[in-house]
Structures are given as C-alpha cells and as structure tokens.
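Reading the structure
Each chain is listed here by its residues.
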Amino acid sequence: MIWGPDLFILAILVVLAIAAVISRDLLVATVIFSGYSLLMALAYVQLNSPDVGFTEAAVGAGVTTVLFILAISRTARMEEA
Amino acid sequence: MPESLFGEDVIVRTIARIVAPFIQLFGLYVLMHGHISPGGGFQAGVIIASSFILLALALGLPESKERFKKTIRLPMESSGPLIYASIGVTCILAGGYYLQYGMAFLFPPHVVSAILISAVEIGIGITVMAMIVTIFYSMAGD
Amino acid sequence: MKVIPSMLILLVGVMLAVAVTGMPEFGDPNAPANTHVVPYYKEHCLEETGVTEIVTAIVVSYRGYDTFGEVTVIFTAGTGVIALLGRK
C-alpha cells in the first residue's frame, strides 16, 4: 500500500467536506461536492475497486451534481442564516 | 427551468454536439464488456443518460427531448425489470430455480449463463438510462 | 449554540478514526472478507457462470435477487418522481 497518494487524497477529501459544509452559497457547495465525488472515485480506484469508482464518478460527480443544480435553480441559491 | 442555465455559446453547443455520440459509444462499450472488464448495466446506463443530460444543458431541453422521445422512453423504463423477471421465469421453465442461469439449453451451461448475464445487464442498462433521463426531464421541465 | 454540534462532530470523528485502526490491513489474506465465500467465488466463477469478471458474476448471478431488487428500486424511484412532478 502506497501511503503518499492515499494521504494526499484523504487530506483533500477532509478539506473539501468542511468547505462544502461551511459554504453559504449552495451552488458553490454543489460544485465542491462534485470535486469531492471525483476524488472519492480516485480513492476507490486506488483501493482496487474500479467498479465502485466507476459508479461514484458517473453518479456522484455527474448526475447528482446536475440534479442538485436543478433543485437549486428551482429554489433559493443562498442558504438562509 | 430558467433560461440562464442553458448556454448560448456556440463553442459549447458545437463541442457538446460532437462529444455526445462518443459518450454514448463509451457507454455501449461499458455495457457490452460488463462481463469481462469493470463496468456493467448501472454504470453504462448512467453514462449514456449523462450524454442526454449534456445535450439538454448545452442545446436546450426541446432539442434533447427530440433525440429521446417520450414514446421511446415509456417502454424502455419498464423493460428492465420485465427482462430480468422473464429471464428468471425462463430459468424455472428450463428446469432450474428462479434466476439460476446455468441451465443446459442448446449450449453448455456456462455459455447459456454468460449469454443470460449479458442480457440481464442490457436490461438493467436500458432501465437505468431511461429512468435517469426521465427524472432529469421531469425536474427540468416546467 | 455552535459549540455543541462542533463538539459532537469532533467526538464522532475521533471515534471513527479510532475504529479504523481495528480494520484489517489492506489486502490481508486472513481478513474476514477474504476467507469466507470469496475463495469459492474465485475458484468456481468461470466454470459456473462463464463470466471472467468476478464482480459481475457476484452481482448478477450469485446475488441476483439483490440486483433484481435494485432495478426495482430505480424503477420505483422514477415512478415516484413521475407521479409527483408529472411526465414531461
């Protein structure tokens, strides 16, 4: 097991998760979440499960982001205080 | 869906129009190679559906619906569980249990099993693709 | 009031981090995931299902009922969205 890339991916995952939670702009949070899903797919591939990585990249980074953006476009963009 | 979400850029429209068939081709590759390489029905269905979502975001909703009409989507949505269940019932008729693919029927059992697994994957892919596109259209349409 | 949720999140995070140290090593041949049914699948997958990809064989053939349920879940979810928002 190679520790360098894993720790790098995990550290960025934690940073992205915190950034998505504290972001007031929901569109920004959605785009951060899309990047989170892409890194999560990388982590899955690194753990020798390309099937799950495939699904995560297609569903998490692709379709879910579009559905979130559609939901935001029908409601308010900024989170209420 | 507000009009501001649709791009009016000619570069985006052209690139999306060129790239979409290749995304669909890659989805078909993932679908047909589901039994010899990573991938399968779910992944392929989502990939092909994302090509239609890309077309809808770049060219607008009506032009995307023009390429995937309601009359085609309606039977495709329900065909996946139908294919799956009918293959299971076929296994019973061939003398096995429900969804026991390895029944000798014109071919050796493992060949029949491989063919039926591919058929099941194709059914899953059809349903997932049509359902995700329909959910997207339902949420985006006004 | 933001202190209590932050403390809760920190507590759960520390507990999860402690729990991770109890997981088996990556690729450990003696891990529970590699000792129960996986050796059987690895040996009999090709001759029983005729499929070289073990994941597909498990998902569609050995655990076919689960996948049938998953397809039904997706079908039901789409039906619910259509019933709520209307078919466009």
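None of these values were measured; they are calculated from a predicted model. (Residues numbered from 1 in each chain as written. Chains lettered and ligands numbered in written order. Predicted model: local features only at pLDDT ≥ 70, side-chain atom pairs only at ≥ 80, totals over all residues.)

Side note on the interface of chain C and chain B
Counting residues at the interface gives 25 residues for chain C and 30 residues for chain B. Contributing elements (two or more residues each) for the side of chain C that touches chain B: helix H2 (38-49), helix H3 (54-62) and helix H4 (64-85) of chain C. Per-element accounting of the side of chain C that touches chain B gives the leading share, eleven residues, to H4 of chain C. Among the residues forming the side of chain C that touches chain B, the class breakdown is eleven nonpolar, nine polar and five charged. (Contact = placed C-beta atoms within 7 Å. Helix = DSSP H or I, 4+ residues; strand = E, 2+ residues; numbered from the N terminus. Nonpolar A, V, L, I, M, F, W, Y, C, P; charged D, E, K, R; others polar.)

Let's talk about the packing of helix H3 (residues 50-74) of chain A against helix H5 (residues 109-140) of chain B
It is at 10 Å that the axes of H3 of chain A and H5 of chain B come closest, and there the two elements cross at 15°. As the angle between them shows, H3 of chain A and H5 of chain B are arranged roughly parallel. At the point where H3 of chain A passes H5 of chain B, the crossing takes the left-handed sense. Packed against H3 of chain A, whose contacting residues are Val 63, Val 66, Leu 67 and Leu 70 of chain A, the element H5 of chain B presents Ile 132, Phe 136, Met 139 and Ala 140 of chain B at the interface. Taken together, the residues that form the contact of H3 of chain A with H5 of chain B break down as eight nonpolar, no polar and no charged. (Axes fitted to C-alpha atoms, helices over the stretch in contact; angles between N-to-C directions. Parallel < 35°, antiparallel > 145°, perpendicular 65-115°, else oblique. Left-handed = near helix turned anticlockwise from the far one by under 90°.)

Things to note about the domain arrangement of chain C
Domain boundaries assigned for chain C yield domain 1 (1-28) and domain 2 (37-88). Here the C-alpha centroids of domain 1 of chain C and domain 2 of chain C sit 32 Å apart. (Domains from an automatic or database assignment.)

A closer look at the environment of Arg 13 of chain B
Here Arg 13 of chain B shows up in helix H1 (residues 10-32). As a C-alpha pair, Arg 13 of chain B and Ser 37 of chain B span 24 residues in sequence and 33 Å in three-dimensional space.

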